[in-house]
Amino acid sequence: MIPKVNVDSPRRDSFTSNIGVIAAAAGSAIGLGNIWRFPYVLGENGGGAFLFIYLAFVLGIGIPVMLSEFTIGRRAQRNPVGSFKKLAPKRPWFLIGVMGVIAAFMILSFYAAVAGWTLEYIYQSVTNSFAGKTPDQLGEMFEDFRMGSWRPVIWFLVFMLFTAAIVISGVQKGIEKYSKILMPILLIILIILGIRAVTLPGAGAGLSFLFKPDFSKITAGTILEALGQAFFSLSIGMGTLITYGSYIQSRDNLANTAISVSLADTFIAVLAGIAIFPAVFAFGIDPAAEEGLVFITLPNIFQQMAGGYFFSLLFFILLAVAALTSTISVLEVVVAYFSEELNLSRKKATIIAALSISLLGILASASWGWFDKVTISGRNFFGLLNFTSANILLPVGGFFIVIFVGWFLGKNQVRDEISNKGTLKARILGVFMFLVRFIAPIAIALVFLNGIGIIKF
Ligand code: PFF
């Protein structure tokens, strides 16, 4: 029998199982944000106290925003722009989706640049190039690489190619399939590295840096960094999880999925901290080492420790794998938007999206090379994309997303969606509505305005 196809809504590609959804959404959330960005941002912002604030933001703001995105996406069955157009026709809410697509361009261009660095470092690990180098020489090696004209750009393009190759294969045969393979590999590698790090002599200082809060280090800027980091790490605020939500089947439990994904992401960030800081302190290195932290200090550590060749190779493969399941989710936002709103085939949409993002990304990856003249308030082009997307676009997007769900969509539609049309008990509904109506928007607004200096506490 030929299956009936509804001509009004051609069947959309979707995830096949709840495990697939969790692998894909956790794959998006868990990435360079956890293993590369979290440790250096935490190091620059004083350690344990930052972790404490970060955790509070994940629970009070991150989970509600994530569940809001899943709710919007599954209800509308569209990309972020189309979702708002469908749920709020003829209203300006779709601009949140537009901002999300812009954020996707910005994030993917600097993020895939760093992902490209991980490929260079896999290559350097294979050829054993860290061996016998002093910390200064390793710093120079990283700087020379980043300042080079071609290498960072070429590795960036290679990474974009991998990303596009997966996205072009679709939601099931691309995103879900690769997430299910890559995520368990990531977890195993990280656990091996964590065990190695905590068993190093002198590891205790790193653990206490990570877990002992020193609140005297906290400023308005630090708190905004923690919020931006939470949004960035959970992949929320720009519609990535609206897009993935639109591929979640009607029988899956959205609330449980949002909670599992957020907790898994947070667990991995802490685990990355446990794998990195004991090693940083065991070898007496400054933890506030900016973007170079994992690319300079870790090779230094690896080349001094037994089995370093093996561990360094493993670590950079881990970074590349973690990055890939995230870059595909960012590209998918743009591809879903291009294909649904501009009526393009997935293939065409992927090619156009990947090429246009690459133009911006080439500049980002040349930010220390031939494009280093462009700086705004002390940040180069890469730093500008990194800061603006995480600390401005994502919190602003998240603010409007929770307002939309709390005040526009309203309790009945939200109940209908998170209870799967009444078949599940939506026990958390009351708490969720309270968080999205009051706590999350007020907290985001205060932290944001305080962080950028508009109000002062
Ligand atoms: N959450 C990813 C990470 O932590 O590496 C980065 C990211 C992916 C940010 C997708 C935003 C996004 F939409």
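Structure's up top.
Note that the structure is predicted; figures quoted are calculated from it, not measured. (Residues numbered from 1 in each chain as written. Predicted model: local features only at pLDDT ≥ 70, side-chain atom pairs only at ≥ 80, totals over all residues. Heavy atoms only, no water.)

Caption draft 1: Local environment of the overall build of the protein. Of regular secondary structure, the protein possesses 17 helices and two strands. Its C-alpha atoms give the protein a radius of gyration of 21 Å, near enough to 23 Å, the size a compact globule of 457 residues would have. Taken over the C-alpha atoms alone, the protein extends approximately 65 × 50 × 40 Å along its principal axes. By the burial criterion, 58% of the 457 residues in the protein qualify as buried. (Helix = DSSP H or I, 4+ residues; strand = E, 2+ residues; numbered from the N terminus. Rg over C-alpha atoms; globule rule 2.2 N^0.38 Å. Buried < 20%, exposed > 50% of the residue type's maximum accessible area, 1.4 Å probe, protein only.)

Caption draft 2: Representation of the layout of surface pockets within the structure. In this structure, the second largest pocket encloses a volume near 370 Å³. As for the second largest pocket, its lining consists of 17 residues, of which Tyr40, Glu44, Glu291, Arg379 and Asn386 are closest to the centre. Breaking the lining of the second largest pocket down by element, the ones donating at least two residues are helix 2 (32–44), strand 2 (379–380) and helix 16 (381–418). Sort the elements by how many residues they give to the lining of the second largest pocket and helix 16 lands first, with five residues. Among the residues forming the lining of the second largest pocket, the class breakdown is five nonpolar, six polar and six charged. (1 Å grid on protein atoms, 1.4 Å probe; cavity = no way out; pocket = protein on both sides within 12 Å on 5 of 7 lines; lining within 4 Å. Points joined across faces, edges and corners; volume = space filled by probe spheres on them. Nonpolar A, V, L, I, M, F, W, Y, C, P; charged D, E, K, R; others polar.)

Caption draft 3: Representation of the side chain of Ser14. By the element assignment, Ser14 lies in the segment before helix 1 (18–29). Ser14 has contacts with Val171, Gln172, Glu176, Tyr247 and Gln249, leaving out every residue within four places of it along the chain. (Contact = heavy atoms within 4.5 Å.)

Caption draft 4: Here's a closer look at helix 16. The first and last C-alpha atoms of helix 16 sit only 41 Å apart over 38 residues, clearly below the 56 Å expected at 1.5 Å per residue. Along helix 16, the sharpest kink reaches roughly 105°, centred on Gly410. Phi turns positive, to about 50°, at Asn420, one or two residues after helix 16. (Expected span 1.5 Å × (residues − 1). Bend = angle between axes of the 7 residues up to and from the residue.)

Caption draft 5: The arrangement of helix 4 (residues 80–87) in detail. Counting buried residues along helix 4, six of its eight residues qualify, which places the element largely inside the surrounding structure. Among all positions of helix 4, only Pro80, Val81, Gly82, Ser83, Phe84 and Leu87 are buried. Lining the buried residues of helix 4 we find helix 3 (48–76), helix 5 (94–126), helix 11 (240–245), helix 14 (308–341) and helix 16. Backbone nitrogen of Val81 and a side-chain oxygen of the N-cap are separated by 3.0 Å at the start of helix 4; the cap is Asn79. (Polar contact = N/O pair within 3.5 Å; in protein donor to acceptor, adjacent residues only side chain to side chain.)

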